[in-house]
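Now for the letters of each chain:
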There are 2 protein chains.
Amino acid sequence: MPPVPEAAISATADEIREAALEQFARDGYSATSMRDIASSVGIKAASLYNHFGSKEAILWDLTLTAFEELLRGRDSAMAKLPDNPSPEDRLACFVTSHVAFHARNSNQALLVNSQLAALTKTHYRKAVAMRAQYEATLREVIEEGVAKGVFSTTDARVTTFAILQMGMAVSGWFRPAGPLTVADLCNIYVELAAKMLTPLPLKCKE
Amino acid sequence: MPPVPEAAISATADEIREAALEQFARDGYSATSMRDIASSVGIKAASLYNHFGSKEAILWDLTLTAFEELLRGRDSAMAKLPDNPSPEDRLACFVTSHVAFHARNSNQALLVNSQLAALTKTHYRKAVAMRAQYEATLREVIEEGVAKGVFSTTDARVTTFAILQMGMAVSGWFRPAGPLTVADLCNIYVELAAKMLTPLPLKCKE
DNA sequence: TGCACAAACTAACGAGCGTTAGTATAGCAG
DNA sequence: CTGCTATACTAACGCTCGTTAGTTTGTGCA
């Protein structure tokens, strides 16, 4: 009996990851069987266990990678900001990285946003903690802007959710072959987010 | 053998609907078994077939009802507007009914927004058509406002998605026992949507 | 009182599930 | 050439799934 690998690294393991990610994102974890995944890779279900210890281990591997890439994208984008960036710049930076991730990695985004409930309790808690840490970044940006008087909002928490969620939804409908580039898309969402936080009064004329 | 009912109307059928709606929304259609639903109601799985022809028939019954209530909510809200309402009023009216539905009927909202893929092809197409009709309402409001010059947007389609989606997300986190009433929540989202569509320039001072 | 019918039950079906055991095979290190 | 390791296979396990058949039970009407 081969030992159960903790984190499989091989060409086959990567094919399994790719096939499982697509099917978990499209059909859901519990509607996808080990036999489905195996046949996408061209092997039998039992052979999956040479690479992953269980079905949930595949989901957790994919979930962890997705969160790492999401957080890394945020970090590398925010690191490029100048010293003492304005809240407006920090907001634009976060929203751009947020929307770009959800546009470019739609399967990872769908996984992270709708399949966490299938994880074991331990893994689920870790995933929720990573998500909370990610969401807190935007909330801090918004609260800093409010404190400095450049943003205005009736409810910072709700506005945070609203901006996060409108970006997440991109993973559900955006297609690279469509009329918009990822850069176009990011600019649209940056503008929408900025307007949501603009201080009143909004109109100058009349 | 009892006849297979097309649309079951009885106290037990309603208990089945309630239990199935909750579990489909929370755990997903394919992670919920007929035995799970039956035991919530206090009967055996086989007895469910006295009320519904199949598992998918339960899902379709719930989906249809949810869409009907969503569309009815929109219609009755829009009907209360005065003659020749302004685009701002129509926007506020739609967003209020949208957010109120997703706050008050979170299970129905979750069902409609994430379990359509489990329907048969025929039912799925009907559901998507109802959703498209619903979404078109907001898009028309936005486009009318843009045409009249009271709204401004870089991309009406994306802005429509953004407003719809930030409201849908309410079903995932809002709890009536929390700090906000449904009316508070609606007002916050109406303000956010209005700001998203406000014509530039946004700032008066400086 | 007896009949009818709705709605519950038990039992079981064939299929598919995640998973394990045991085996075959190919490539590489000694 | 030999043996080890990685990775595939076949076969099967115990279990759960949606669903059906046939039976029992209780209620309300003739």
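Note: the structure precedes this text.
Residues numbered from 1 in each chain as written. Chains lettered and ligands numbered in written order. Predicted model: local features only at pLDDT ≥ 70, side-chain atom pairs only at ≥ 80, totals over all residues. Heavy atoms only, no water.

Looking now at the overall build of chain A. Of regular secondary structure, chain A possesses 9 helices and 0 strands. Put simply, chain A runs from its N terminus to its C terminus through helices and strands in the order α-α-α-α-α-α-α-α-α. Projected onto its principal axes, the C-alpha coordinates of chain A cover approximately 75 × 35 × 30 Å. Per element, the accessible surface of chain A, about 10,200 Å² overall, is 53% carbon and sulfur. Where the 21 positive side-chain charges of chain A centre and where its 23 negative ones centre are 4 Å apart. (Helix = DSSP H or I, 4+ residues; strand = E, 2+ residues; numbered from the N terminus. Areas by Shrake-Rupley, 256 points an atom, 1.4 Å probe, with all protein chains shown as cover. Lys, Arg positive; Asp, Glu negative; His and termini not counted. Charge placed at Lys NZ, Arg CZ, Asp CG, Glu CD.)

Attention now goes to the protein's contact with DNA strand C. Taken together, 18 residues lie near DNA strand C, and Met34(A), Tyr49(A), Lys44(B), Asn50(B) and His51(B) sit nearest. The sugar-phosphate backbone supplies 59% of the atoms of DNA strand C found within 4 Å of the protein. A distance of 2.6 Å separates a phosphate oxygen of DNA strand C from a polar atom in the side chain of Tyr49(A). Measuring from a phosphate oxygen of DNA strand C, one finds a backbone N or O atom of Lys44(B) at 2.6 Å. Residues belonging to the surface near DNA strand C are distributed by class as follows: 7 nonpolar, 7 polar and 4 charged. (Near = heavy atom within 4 Å. Polar contact = N/O pair within 3.5 Å; in protein donor to acceptor, adjacent residues only side chain to side chain. Nonpolar A, V, L, I, M, F, W, Y, C, P; charged D, E, K, R; others polar.)

Residue and element names in this part refer to chain A. Within the secondary structure, His102 is located in helix H4 (residues 87-104). Within the structure, the side chain of His102 is placed 2.8 Å from the backbone oxygen of His98, a separation counted as a polar contact. Excluding its chain neighbours within four sequence positions, the residues that come into contact with His102 are Leu70, Ala109, Asn113, Gly167, Met168, Val170 and Ser171. (Contact = heavy atoms within 4.5 Å.)

What follows deals with the environment of His123(A). Residue and element names in this part refer to chain A. Mapped onto the elements of the fold, His123 is located in helix H6 (residues 121-147). In this structure His123 comes out as buried when scored by relative accessible area, which is 18%. Among all residues touching His123, those that are not within four sequence positions of it are Glu56 and Trp60. Separated by 2.8 Å, the side chains of His123 and Glu56 make a polar contact. (Buried < 20%, exposed > 50% of the residue type's maximum accessible area, 1.4 Å probe, protein only.)

Another point: the interface of chain A and chain B. Contact with chain A, which involves 31 residues of that partner, is made by 31 residues of chain B. At the boundary of chain A with chain B, total buried surface from both sides reaches about 2,900 Å², with 67% on carbon and sulfur atoms. The tally of links between chain A and chain B comes to 0 salt bridges. Where chain A touches chain B, the interface holds 9 residue pairs in polar contact (both at pLDDT 80 or more). Where the side of chain A that touches chain B is concerned, the elements lending two or more residues are helix H7 (156-168) and helix H9 (182-196) of chain A. (Buried area = accessible area lost by both parts, 1.4 Å probe. Salt bridge = Lys/Arg side-chain N within 4 Å of Asp/Glu carboxyl O.)

Next up on the list: the relation of the copies chain A and chain B. Once turned by 180° and shifted 0.0 Å along the axis, chain A lies on chain B with an RMSD of 0.0 Å. The symmetry that links the two subunits is that of a two-fold axis. A shared interface surface links the copies, since 100% of the contact residues of chain A are contact residues in chain B too. (Least-squares fit on C-alpha atoms with pLDDT ≥ 70 in both.)

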